Amino acid sequence: MPRRPSRPTSSSRLLLFVLLLLPGLLLGCRRAEPETVAPTTTSSATQLLVLPDDGVEPVLQMVEEAQRSVRFKIYLLTYDGMRQALVAAAHRGVDVRVLIEPEPTGGNASNRDSYRILQEGGVQVRWAPARYRMTHEKTLII
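Residues numbered from 1 in each chain as written. Predicted model: local features only at pLDDT ≥ 70, side-chain atom pairs only at ≥ 80, totals over all residues. Heavy atoms only, no water.

Asker: Residues and numbers for helix α3 (residues 80-91), please.
Answerer: The end-to-end C-alpha separation of α3 is 16 Å, in line with the 16 Å expected for 12 residues at 1.5 Å each. What α3 keeps buried is the set Met82, Arg83, Ala85, Leu86, Val87, Ala89 and Ala90. Packing partners of the buried residues in α3 comprise α2 (57-65), β1 (69-74), β2 (95-100) and α4 (108-120). Count one or two residues on from α3 and you reach glycine 93, which has phi positive near 95 degrees. (Helix = DSSP H or I, 4+ residues; strand = E, 2+ residues; numbered from the N terminus. Expected span 1.5 Å × (residues − 1). Buried < 20%, exposed > 50% of the residue type's maximum accessible area, 1.4 Å probe, protein only. Contact = heavy atoms within 4.5 Å.)

See the structure below:
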């Protein structure tokens, strides 16, 4: 009786997935040339910005154009333009939630000020939990 081919195990499927995904991730980590990262206005698009090269304007524009929700996680929030954009979005009825580090190196006062400004402006702002302390990840999901 001929032998049936065995089904791939979950670990072999995961390995295959990683091997197929890894080249794309590595290519995505290359520094993008400005002309290859074009801003988009479609709500379902994914946009890669490489900062500081692409500047803050595309980021502010995305927050200003947000219609439903903004999720922002940042280690140190010192830029008043971003604080104002987040508050303005909240005033437009956008569900804005921000998570910031309570004790950033060299920036305690800035984050305390940002927390107060955002909270008073109607933004749902929270201090990052202890398990995320010192995480320098910056994420913006609109």
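Asker: Help me get a handle on the packing of aromatic side chains, residues and values and all.
Answerer: Inspection of every chain in the model, using the stated rule, returns one aromatic pair. Ring centres of tyrosine 115 and tryptophan 127 lie 4.5 Å apart, and the angle between their planes is 10 degrees; on these two criteria the pair is classed as stacked. Within this pair, whereas tyrosine 115 is found in helix α4, its partner tryptophan 127 is found in strand β3 (residues 124-127), the two being separated by 12 residues in sequence. Overall, tyrosine 115 belongs to the buried group, its relative accessible area being 18%. (Phe/Tyr/Trp six-rings, centres within 6.5 Å; stacked < 30°, edge-to-face > 60°.)

Asker: An account of the pattern of salt bridges is needed here, citing residue identities and associated values.
Answerer: All chains considered together, the criterion is met by four salt bridges. Between aspartate 95 and arginine 71 there is a salt bridge, with its nearest N and O atoms 2.8 Å apart. On the criterion of sequence distance, the pair formed by aspartate 95 in strand β2 and arginine 71 in strand β1 is long-range, its members being 24 residues apart. One salt bridge in this structure joins arginine 83 and aspartate 80, with 3.5 Å as the shortest N-O distance. With arginine 83 and aspartate 80 both in helix α3 and three residues apart, the pair spans about one turn of that helix. Accessibility expressed as a relative area gives 11% for arginine 83, which makes it buried. For aspartate 80, a relative accessible area of 35% puts it in the partly exposed group. (Salt bridge = Lys/Arg side-chain N within 4 Å of Asp/Glu carboxyl O.)

Asker: How would you explain the environment of aspartate 80 if you had to name every residue and give the values?
Answerer: Placed 34 residues apart in sequence, aspartate 80 and serine 114 show a C-alpha to C-alpha distance of 8.3 Å. Among the polar contacts listed, one links the side chain of aspartate 80 to the side chain of glutamine 84, at a separation of 2.5 Å. (Polar contact = N/O pair within 3.5 Å; in protein donor to acceptor, adjacent residues only side chain to side chain.)

Asker: With reference to specific residues and values, describe the sheet that holds strand β4 (residues 139-141).
Answerer: What the four strands build is an open sheet, ordered β3-β2-β1-β4; its pairing is mixed. Single-partner strands in this sheet number two, and they are β3 and β4. Averaged over neighbouring strand pairs, the angle between their axes works out to 10 degrees when direction is ignored. As defined by bridge partners, β1 adjoins β2 across six bridges and the pair is classed as parallel. Bridging across to β2, arginine 71 finds its partner in arginine 97. Most of the contacts of α3 go to β2, to which it runs at about 145 degrees, and overall it touches β1 and β2. Each of β2 and β3 is contacted by α4, which is oriented at about 150 degrees to β3, the strand it contacts most. (Pairing = 2+ DSSP bridges. Axes fitted to C-alpha atoms, helices over the stretch in contact; angles between N-to-C directions.)

Asker: Pulling in residues and values, what's your account of the side chain of arginine 83?
Answerer: Separated by 2.8 Å, the side chains of arginine 83 and serine 114 make a polar contact. With sequence-adjacent residues up to four places away left out, arginine 83 is seen in contact with Leu77, Thr78, Ser110, Asp113, Ser114, Ile117 and Leu118.

Asker: Describe in detail the packing of α3 against α4, supporting the description with residues and values.
Answerer: Two elements in contact, α3 and α4, have axes separated by 10 Å at closest approach and are oriented at 20 degrees. One finds that α3 runs roughly parallel with respect to α4. You can see that α3 and α4 cross each other, and the crossing is right-handed. Residues Arg83, Leu86 and Val87 of α3 touch α4, and the partners they reach there are Ser110, Asp113, Ser114, Ile117 and Leu118. Looking at the contact of α3 with α4, its residues break down into four nonpolar, two polar and two charged. (Parallel < 35°, antiparallel > 145°, perpendicular 65-115°, else oblique. Left-handed = near helix turned anticlockwise from the far one by under 90°. Nonpolar A, V, L, I, M, F, W, Y, C, P; charged D, E, K, R; others polar.)

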